[in-house]
Each structure stands twice: as structure tokens, then as C-alpha cells.
Amino acid sequence: MPLVTTNLDLGVEELQAGKPVAIPTETVYGLAAMIDNEEAIKAVFAMKNRPLNHPLIVHVAHKWDLTPWVEDIPDYAKRLIAVFWPGPLTLVFRSNTMNPLITGGQSSVAIRCPAHPMAQALLNQLGTPLVAPSANPFGKISPTTAQHVKNSFADKELTILDGGRCTIGIESTIVDATNPENYRILRHGLIDEKAIAAVVSTPCINEKSTLRTPGALDSHYQPQKPLYYFETVDELAQFCQKQGENVFVISCKKPKEIDEEMFHALSHQPEEVAYDLYFQLRKADESKAACIAIELPEATSEWEGVRERILKAGSKLEDVKFM
Ligand code: TXA
Ligand code: MG
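Please read these numbers as outputs of a predicted model, since none were measured by experiment.

Chemist: I keep staring at the overall build of the chain and nothing clicks. Help me out?
Modeler: Check the secondary structure of the chain and you find 11 helices and 15 strands. In terms of overall size, the chain behaves like a compact globule, its C-alpha atoms giving a radius of gyration of 20 Å where 323 residues would be expected to give roughly 20 Å. Taking the principal axes of the C-alpha coordinates as reference, the chain spans close to 60 × 50 × 30 Å. Within the chain, the proportion of its 323 residues that are buried is 57%. Put simply, of all contacts in the chain between residues at least 6 apart along the chain, 69% involve residues at least 24 apart. Accessible area of the chain: about 14100 Å², with a carbon and sulfur share of 49%. Computed over 31 positive and 41 negative side-chain charges, the separation of the two mean positions in the chain equals 3 Å.

Written out as C-alpha cells, the structure is:
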């Protein structure tokens with residue numbers, strides 16, 4: 001049985017003893033292990049059922065010197081660090097010193113400085129970075145509360161540090177900063193291309209990267225129930241008309257067939273939708289609904305993080321045949 005606790009010292013002890021520990025971050029909960037303990041890292045892969053060639057993000061405390069792990073930090077990345085760290089921005093740097101178990105054998109490493117005070121306190125006490133993939137079984141929805149982590153690993157011996165509900169709610173933005181001339185966004189998040197462009201003038205390259213990013217797989221973040229997404233609220237309403245009341249709906253307007261407790265009103269603020277997205281998908285999974293219907297936000301830069309999650313978690317109705 002997992003143990004949910006706010007005892008930071010216990011988390012430190014367990015990590016130092018080579019056991020994975022679930023930790024809060026401002027984005028989603030992570031399943032952490034110290035970067036210098038291969039057995040603990042392998043245990044993280046095993047617990048998540050994650051393929052071994054999928055690289056992990058290395059988490060550091062604020063203001064730590066990155067030179068032991070990173071070959072070169074381009075000037076624009078230094079600026080991004082100064083503005084966005086600690087916070088939900090992961091940067092991928094060239095590296096030849098990091099354990100290949102962490103990098104998936106690539107000559108780059110992803111580094112993130114989480115803003116959650118408990119994560120910072122833990123890192124500072126340990127004095128060593130932590131790998132921390134999201135604390136969910138591979139391909140499933142990331143956890144935004146300690147209880148979510150407990151539910152996912154109900155039969156495991158695991159210490160879960162409870163830092164409350166994650167304030168961001170979706171995973172960090174990942175920027176490939178291996179090229180000093182330009183950068184790429186490998187995974188979208190709440191720090192969007194516009195926010196980055198407001199800080200650096202370096203060009204953003206949009207064609208597909210050759211770096212392997214499992215978050216870029218077509219299906220990911222999946223709830224247990226079928227999730228269908230709709231470009232417009234009218235299409236969603238039509239679907240509910242045909243389908244009857246047995247749908248959990250996440251949209252800006254409640255279809256009349258749907259009961260209040262099977263409906264979540266979509267906000268017009270990307271931050272608010274990100275905060276609630278995984279939380280509501282889990283609630284939908286626990287409801288009596290046979291499926292989940294969600295309205296896609298518009299395809300603008302600020303919504304990209306939320307859209308990317310929905311597109312990977314769900315399917316378009318034409319693709320699955322009208323039921
Ligand atoms: O918000 C987050 O980033 C959360 C919290 C716990 O910090 N962590 C997280 O980790 O989302 P995970 O393992 O679920 O996703 C890590 C992503 C994957 O898409 C992986 O491919 C990418 O980071 N990644 C890691 N190292 C990389 C590298 N060297 N090059 C390119 N992508 C990398
Ligand atoms: Mg993940």
C-alpha cells in the first residue's frame with residue numbers, strides 16, 4: 001500500500017535508500033529517483049511500465065550550476081532560465097556526461113527546475129538532481145493530486161509526498177535548446193511560443209525534430225473511457241442528442257440531456273482549463289458515463305498545450321464511426 005505523507009525527511013531518506021518517491025511539482029506529480037542510482041531509476045521505469053529508451057527529465061534546484069551535466073547553454077536559453085525558472089519550462093541541452101539510462105542513449109539531456117516549494121526543498125536537502133517522469137502508468141493520465149498517484153499504484157510500496165493539488169495541471173513545456181541558432185518546442189505547455197518570443201528573438205523552428213520524445217506519440221494521456229473531441233459546441237451537442245444522457249461532457253455550454261454532475265464548464269482561460277483538464281478526465285472515468293465528450297479550444301498559441309493533450313488523449317468521432 002502506498003503511504004501518503006507530508007514528511008519531507010522521510011522522502012529524503014527513501015530516495016537516499018534508492019527507492020522511488022512520488023513528489024509534487026507545480027505541473028503534475030512525478031515519480032522521482034536520484035540521478036546517481038541506476039537501480040532506483042530502473043525501478044521507476046518498471047513501476048510506470050515505461051519503455052527503457054524513453055528519456056527522463058532531470059530536475060534541479062533553483063540556481064544550481066548545470067555545467068556538470070550540460071555541455072553548452074546557448075545565450076537565449078540562459079535568458080529563458082533567468083525568466084522562467086523555477087517554473088514549467090524544460091530545456092533540452094547537449095550532454096555527453098549524463099547516464100544513458102536517463103537520456104535514452106541520446107547525446108542530450110532535458111533539465112527542469114520545478115517551482116513547487118516541496119520539490120525545491122527536497123532537491124536542496126538531497127544536493128543531487130532527481131529524474132521524475134509523471135507518476136502515472138505509461139500512456140495514461142498524469143496525476144495532479146497525491147490521491148491520483150495512490151490510485152494508480154494502489155498495490156505498490158511507495159512513499160507519496162503530498163504537496164496539494166498541482167497549480168498548473170499539465171506537464172511542462174519542453175524546448176530543444178541544443179542548437180545555439182534556433183529552438184524548437186518539443187512539447188507544448190502553458191509557457192507558449194508567444195511567451196518565449198516575448199523574451200528571446202531567437203527563431204523557433206516548427207518542423208518535426210529528430211529527437212525522440214515519447215510525449216510526442218500519437219496516443220498519450222489517455223483516460224480509461226473513450227474520449228471524443230469536437231471542434232464546435234454544436235457538433236458536441238448533436239452527439240449528446242444521439243447518445244442520450246450517458247456522456248460526461250466538458251465544454252463551454254451544457255447540452256440539455258446532460259445532468260449537472262456529468263458536466264464540467266470549460267473556462268475561457270487556458271490556465272484554468274489546464275488546471276482542471278486531467279482532474280476532470282479522472283472524474284469522468286469514475287462517473288457512470290460510457291464515454292467522455294470534450295470541446296477543443298481554438299488553435300492559437302496560448303491553447304496549444306491544452307489542445308495537444310486533448311488530441312493525444314482522445315479521437316475525433318469520424319475516425320471511430322458514429323455509434
Ligand atoms: O511537467 C513535467 O515535465 C513533469 C513533472 C513531473 O516534472 N514530468 C514529465 O515527465 O512530464 P515525462 O517523463 O512524463 O515526460 C518527459 C518528456 C518526454 O516527452 C521525453 O521524451 C522528453 O521529456 N525528454 C526527456 N529527455 C529528453 C531529451 N534528452 N530529448 C528530448 N526529449 C526528452
Ligand atoms: Mg508523462
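The structure having been displayed, the exposition proceeds.
Chemist: How do you make sense of the nonpolar core when you look at a structure like this?
Modeler: Nonpolar side chains in soluble globular proteins tend to be buried together. Core analysis: the largest hydrophobic core is formed by 49 residues, its most contacted members being Leu66, Leu80, Trp85, Leu91 and Phe93. Tryptophan 85 has contacts with Val60, His62, Leu66, Leu80, Leu91, Ile111, Arg112 and Cys113, leaving out every residue within four places of it along the chain. Counting 36 residues, the second largest nonpolar core, distinct from the first, contains Leu227, Ala284, Val306 and Leu317.

Cut-offs applied
Residues numbered from 1 in each chain as written. Chains lettered and ligands numbered in written order. Predicted model: local features only at pLDDT ≥ 70, side-chain atom pairs only at ≥ 80, totals over all residues. Heavy atoms only, no water. Helix = DSSP H or I, 4+ residues; strand = E, 2+ residues; numbered from the N terminus. Rg over C-alpha atoms; globule rule 2.2 N^0.38 Å. Buried < 20%, exposed > 50% of the residue type's maximum accessible area, 1.4 Å probe, protein only. Contact = heavy atoms within 4.5 Å. Areas by Shrake-Rupley, 256 points an atom, 1.4 Å probe, with all protein chains shown as cover. Lys, Arg positive; Asp, Glu negative; His and termini not counted. Charge placed at Lys NZ, Arg CZ, Asp CG, Glu CD. Core = buried A, V, L, I, M, F, W, Y, C linked by side-chain atoms within 4.5 Å.

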